[in-house]
Amino acid sequence: MKKQNIGAKIVTFVLPIAVQNLLASLVSVSDTLMLGMVSQNVLSAVSLATQVTFVLNLFFSALTVGTTILAAQYWGKCDLVAVERILGIAVRISCLISAVFFLASQLCPQFLMGIFTDDGELIRTGAGYLRIAGLSHLLMAVPQIYLCIMKNSGRMLKSTIYGFVAVAANIVLNGIFIFGLFGFPEMGAAGAAAATDLAIGAELCLVLYENMTTDTVRIRWRYLRSLDIELLKDFFKYTLPVLADLLVWGLGFTTFSVILGHMGNDAVAANSIANTAKNIISCFCLGLGSGTGIIVGNELGQNHLDTAREYGNKLLHISVWLGIGSGAALVLMTPLFLGIVSSLNDCSSQYLKWMMLICGFYMAGKSVNVTLIDGVFCAGGDTRFGLWCDIVILWLIVIPLGALSAFVFKCPAPFVYLILSLDELLKLPAVYLHYKKYKWVRNLT
């Protein structure tokens, strides 16, 4: 296979993933802006309710990382049968996980909301949202995995187009159902949930059509019915540490929402908007991390170990500058969000100003960590390091300090947010030292 320069690799793999991540973040933006126009309470309730979807996405993220680790290397090796078998394994597991979250959202939505807040109005509004949006938990099982395999099998552009269609549908339907346009009833939070269900349903139809009309890599019944035991062992070997890491990190991130959720509605609303802005900017960093996993993994699968190391070094340098630029852009977006979300009171607005500044520094560290931990390390099967990083930094340092500052010392919300945002910066020295050991330079096939 002819060697491409790193610029061509980035255009081929990183940019489409970044665009797809950006499109997905626009749904969150539309929810925040439109629900913010309804009321601050509705915005806060939906923000907390979507933490359930956030946890579900952690499982999907682990499955897609595990799929990419093996699929990228086997695709580089031109073993298409192995890629299809990996797809079959991931789809079976994702469907099982989706069913569990769907049932939870239908049977105990009030309990789920009660984890994040003790405000009765927020619990009632959020529970209503969860009952409707729970259907999307079931519908997204296949698209999440199939779009991942499309990225790893030369269909990056199609994957981006399908994602765009789903996002466009979600945003348009948000406006129609939330505000009651074109003769539809005004549904508020329930309208945002219904829009999500219909958009994910459209995405499912698109990937099923793609699966029916392609011969490249597709879901085949025989690989769903009978599993390759050796590949299954490899899949769990590399996926379970990633899942554990994502759950440790994700539950920690959810704990941030719990801590801020018990500091009042103003802190919840400001945090919701800050996270939305952060998600918009971080899509480029996440795209670099995901693309790095494919780029480096392809080279490792072809046994081009020196080339994989060279690409890793170049992508690390790119991540540093991308992180600095992303952090600066995030700070500059503060007046924009303050101007658009007009329902915020003075206290929430002040909180938001400080949170956006803190997010700017957070983003500089996140860019490097995502590229190395989720991209370079995982490409070579080194999936345990990130887990230990998060256990030590997040759960033994950041969360205890954040809880103490909030509930014992009664510090202001922006200071608590600063403490809770230190994890990415504290990881940097250990991540870089681990990278320079080059234990990730391995052919797994």
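Residues numbered from 1 in each chain as written. Predicted model: local features only at pLDDT ≥ 70, side-chain atom pairs only at ≥ 80, totals over all residues. Heavy atoms only, no water.

**Things to note about the packing of helix α2 (residues 40-76) against helix α6 (residues 141-151)**
Then step 1. Look at α2 against α6: their axes get within 9 Å of each other, and the N-to-C directions meet at 30 degrees. By the criterion of interaxial angle, the relationship of α2 to α6 is roughly parallel. Crossing of α2 against α6: the hand is right-handed. Within the contact between the two elements, α2 uses Asn57, Phe60, Leu63, Thr64, Thr67, Thr68 and Ala71 and α6 uses Ala141, Gln144, Ile145, Cys148 and Ile149.
Then step 2. Tallied by class, residues from the contact of α2 with α6 come to seven nonpolar, five polar and no charged. (Axes fitted to C-alpha atoms, helices over the stretch in contact; angles between N-to-C directions. Helix = DSSP H or I, 4+ residues; strand = E, 2+ residues; numbered from the N terminus. Parallel < 35°, antiparallel > 145°, perpendicular 65-115°, else oblique. Left-handed = near helix turned anticlockwise from the far one by under 90°. Contact = heavy atoms within 4.5 Å. Nonpolar A, V, L, I, M, F, W, Y, C, P; charged D, E, K, R; others polar.)

**With respect to the nonpolar core**
Then step 1. Counting 104 residues, the largest nonpolar core has Leu87, Phe235 and Met356 as its most contacted members.
Then step 2. With 20 residues, α2 is the single largest residue contributor to this core.
Then step 3. The contacts of Leu87, once residues within four sequence positions are left out, are Ile145, Tyr146, Ile149, Val217, Arg218 and Ile219.
Then step 4. One finds Val296, Leu316, Phe377 and Phe385 within the second-largest nonpolar core, a separate group that totals 28 residues. (Core = buried A, V, L, I, M, F, W, Y, C linked by side-chain atoms within 4.5 Å. Buried < 20%, exposed > 50% of the residue type's maximum accessible area, 1.4 Å probe, protein only.)

**Focus: helix α12 (residues 305-332)**
Note: α-helices contain 3.6 residues per turn, so residues at a spacing of three or four share the same orientation.
Then step 1. Over its 28 residues, α12 runs 41 Å from end to end, which matches the ideal 40 Å to within 8%, given 1.5 Å per residue.
Then step 2. Thr307, Ala308, Tyr311, Gly312, Leu315, Leu316, Ser319, Gly323, Ser326, Gly327 and Leu330 are the residues of α12 that are buried. (Expected span 1.5 Å × (residues − 1).)

**Digging into unusual backbone geometry**
Then step 1. A positive phi is found at Phe182, a non-glycine position, where the angle reads about 55 degrees.
Then step 2. Residue placement: Phe182 occurs in the loop between α7 (156-179) and α8 (189-213).

**Focus: the environment of Lys158**
Then step 1. In this structure, Lys158 sits in helix α7.
Then step 2. For Lys158, a relative accessible area of 40% corresponds to the partly exposed category.
Then step 3. Considering only alpha carbons, one finds Lys158 and Glu210, 52 residues apart in sequence, at a separation of 9.1 Å.
Then step 4. Only 3.3 Å separates the side chain of Lys158 from the side chain of Glu210, close enough to count as a polar contact. (Polar contact = N/O pair within 3.5 Å; in protein donor to acceptor, adjacent residues only side chain to side chain.)

**Remarks on the pattern of salt bridges**
Then step 1. Scanning the entire structure with this criterion turns up six salt bridges.
Then step 2. Where Arg220 meets Glu84, a salt bridge forms, and the shortest distance between an N and an O atom there is 2.7 Å. In this pair, Arg220 sits in the loop between α8 and α9 (221-225) while Glu84 sits in helix α3 (residues 80-107), placing the two residues 136 residues apart along the sequence. For the pair Arg220 and Glu84, a shared accessibility class is recorded, and that class is buried.
Then step 3. A salt bridge links Lys158 to Glu210; the shortest N-O distance between them is 3.3 Å. Placement of the pair is Lys158 in helix α7 and Glu210 in helix α8, with a sequence separation of 52 residues.
Then step 4. For Glu210, a relative accessible area of 1% translates into the label buried.
Then step 5. By sharing partners, the salt bridges in this structure join Arg155, Lys158 and Glu210 into a single network. (Salt bridge = Lys/Arg side-chain N within 4 Å of Asp/Glu carboxyl O.)

**Overview of the packing of aromatic side chains**
Then step 1. Evaluation of the coordinates by the stated rule reveals seven aromatic pairs.
Then step 2. Between Phe235 and Phe236 the ring centres are 6.2 Å apart and the planes differ by 80 degrees, which places this aromatic pair in the edge-to-face class.
Then step 3. Ring plane angle 50 degrees and centroid distance 5.9 Å describe the contact between Tyr438 and Trp440, whose orientation is recorded as tilted.
Then step 4. According to the relative accessible area criterion, Tyr438 is buried, its value standing at 16%.
Then step 5. Three or more aromatic residues joined by ring pairs form one cluster here, namely Tyr435, Tyr438 and Trp440.
Then step 6. Geometry around Tyr223 places Arg222 over its ring, the cationic atom sitting 4.9 Å from the centre.
Then step 7. Over the ring of Tyr438 we find Arg309, and its NZ or CZ is 4.1 Å from the ring centre. (Phe/Tyr/Trp six-rings, centres within 6.5 Å; stacked < 30°, edge-to-face > 60°. Lys NZ or Arg CZ within 6 Å of the ring centre and 35° of its normal.)

**Quick look at the packing of helix α15 (residues 385-408) against helix α17 (residues 423-435)**
Then step 1. Interhelical geometry of α15 versus α17 gives an angle of 145 degrees and a closest axis separation of 10 Å. Crossing angle aside, the handedness with which α15 passes α17 is right-handed. Residues Phe385, Cys389, Asp390, Ile393, Leu394, Ile397 and Val398 of α15 form the contact with α17, whose participating residues are Asp423, Leu426, Lys427, Ala430, Val431 and His434.
Then step 2. Taken together, the residues that form the contact of α15 with α17 break down as nine nonpolar, one polar and three charged.

**Quick word on a nonpolar patch on the surface**
Then step 1. A surface patch of nonpolar side chains, about 1,000 Å² in accessible area, is lined by Leu251, Val392, Trp395, Leu396, Ile397, Leu401, Leu404, Phe407, Val408, Phe409 and Leu426.
Then step 2. When residues of the nonpolar patch are assigned to their parent elements, the largest contribution, eight residues, is made by α15.
Then step 3. Following the sequence through the fold, Leu251 ends up in helix α10 (residues 229-261).
Then step 4. According to the relative accessible area criterion, Leu251 is partly exposed, its value standing at 40%. (Patch = residues over 30% accessible without salt bridge, like charges linked within 9 Å, V, L, I, M, F, W, Y side chains within 5 Å. Areas by Shrake-Rupley, 256 points an atom, 1.4 Å probe, with all protein chains shown as cover.)

**Some points on the environment of Ser226**
Then step 1. As for its placement among the helices and strands, Ser226 is situated in the loop between α9 and α10.
Then step 2. Judged by its relative accessible area of 40%, Ser226 is partly exposed.
Then step 3. For Ser226 and Arg155, which are 71 residues apart along the polypeptide, the C-alpha to C-alpha distance reads 26 Å.
Then step 4. Once residues within four sequence positions are removed from consideration, Ser226 is found in contact with Arg85 and Arg92.

**With respect to α15**
Then step 1. Across its 24 residues, α15 extends 32 Å between first and last C-alpha, which sits within 8% of the 34 Å expected from 1.5 Å per residue.
Then step 2. Of all bends in α15, the biggest is about 35 degrees, found at Leu394.
Then step 3. All buried positions along α15 are accounted for by Phe385, Gly386, Leu387, Cys389, Asp390, Ile393, Leu394, Val398, Ile399, Gly402, Ser405 and Ala406.
Then step 4. Close packing links the buried residues of α15 with α10, α14 (346-379), α16 (413-420) and α17. (Bend = angle between axes of the 7 residues up to and from the residue.)

Purely geometric stuff here, so don't read any function into it on its own.
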